[in-house]
Amino acid sequence: MFTGIVTEVGRVVGYEPTDRGRRLKVEAPQTTADLKVGDSVAVNGICMTAVVIDPPGFGVEAMAETLARTNLGGLDEGSSVNLERPMQMGGRLDGHIVQGHIDAAGMIVAIEPEGRSKRVTISIPDGLERYLVYKGSVAVDGVALTVTGVETGRFEVALIPHTLEATTLRDLEVGDTANVEVDILAKYVERLLVFSK
């Protein structure tokens, strides 16, 4: 379980094929400091398991399914990634509840500067917007954000200067893909309503 508060921006320093997908090596001294093999870490919002610890970096394995459904397969050596360790029980929930289970790889369709901030529009598969509400929560590449607009097949978020400085979202360009995780609470509500009929 994560909060969508990025704690470090890491750098991809290695990518090698495996029999099931790819092994990704990420240089991230802060994240690696107390990471152990078997621990979870969110990489661009994707919950992954550390399989190698090699300070100042760590390795994770991405299955073919993960590579096909997220933007992980499009990363190259030198790419930056948002990182977050799991939430600790009893700690602050500064963002919102994020599972690290990506719902879609959305496409950036518009970026509008607003002073030092940016307003970003992301297209998503039709129907996924039913889980998004104005002023509700969404995670984009693992960053907890507030929805500022919703339409069929797309939604909008506003990126404040701190988010632009502290995450990879500063590098987004029109045409890029971003991992989108909608609010799990909306999915549970929908499921309960289906069974209450």
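So, here's what we can say about the structure. (Residues numbered from 1 in each chain as written. Predicted model: local features only at pLDDT ≥ 70, side-chain atom pairs only at ≥ 80, totals over all residues. Heavy atoms only, no water.)

## Description of the nonpolar core
Right, on to step 1. In this structure, Ile122, Val138, Val140, Leu145 and Phe155 are the most contacted members of the largest nonpolar core, which totals 23 residues.
Right, on to step 2. Only strand E7 (104-114), strand E8 (117-123), strand E9 (137-140), strand E10 (143-151), strand E11 (154-159) and strand E12 (177-182) provide two or more residues apiece to this core.
Right, on to step 3. In this structure, Val138 is in contact with His96, Leu132, Val143, Ala144, Leu145, Val147, Phe155, Val157, Val180 and Glu181, ignoring residues within four places of it in sequence.
Right, on to step 4. Within the second largest apolar cluster, 19 residues are counted, among which are Val43, Met48, Leu75 and Leu83. (Core = buried A, V, L, I, M, F, W, Y, C linked by side-chain atoms within 4.5 Å. Buried < 20%, exposed > 50% of the residue type's maximum accessible area, 1.4 Å probe, protein only. Helix = DSSP H or I, 4+ residues; strand = E, 2+ residues; numbered from the N terminus. Contact = heavy atoms within 4.5 Å.)

## Comments concerning the sheet that holds E11
Right, on to step 1. Spatially, six strands are ordered E7-E8-E11-E10-E9-E12 in a closed barrel, and the strand pairing comes out antiparallel. Within this sheet the neighbouring strands show an average axis-to-axis angle of 45°, counted without direction.
Right, on to step 2. Note: E8 against E11, six bridges, orientation antiparallel. Across the sheet, residue Ser123 finds its bridge partner in E11, namely Arg154. (Pairing = 2+ DSSP bridges. Axes fitted to C-alpha atoms, helices over the stretch in contact; angles between N-to-C directions.)

## As for the pairing of E7
Right, on to step 1. Of the strand pairs in this sheet, E7 and E12 are connected by four bridges, and their pairing is antiparallel. Looking across to E12, one finds that Ala105 is bridged to Asn179.
Right, on to step 2. The pairing of E7 with E8 spans seven bridges and is classified as antiparallel. Its bridge partner lying in E8, Glu112 is registered against Arg119.
Right, on to step 3. Here E7 folds back onto E8 in antiparallel fashion, the turn holding two residues, of which Gly115 has a positive phi close to 65°.

## Focus: helix H4 (residues 184-195)
Right, on to step 1. Spanning 12 residues, H4 covers 17 Å between terminal C-alpha atoms, matching the ideal 16 Å at 1.5 Å per step.
Right, on to step 2. For H4, the buried fraction is low: one of the 12 residues fall into the buried class.
Right, on to step 3. Capping the start of H4, Asp183 holds a side-chain oxygen 3.2 Å from the backbone nitrogen of Leu185, two or three residues further along. (Expected span 1.5 Å × (residues − 1). Polar contact = N/O pair within 3.5 Å; in protein donor to acceptor, adjacent residues only side chain to side chain.)

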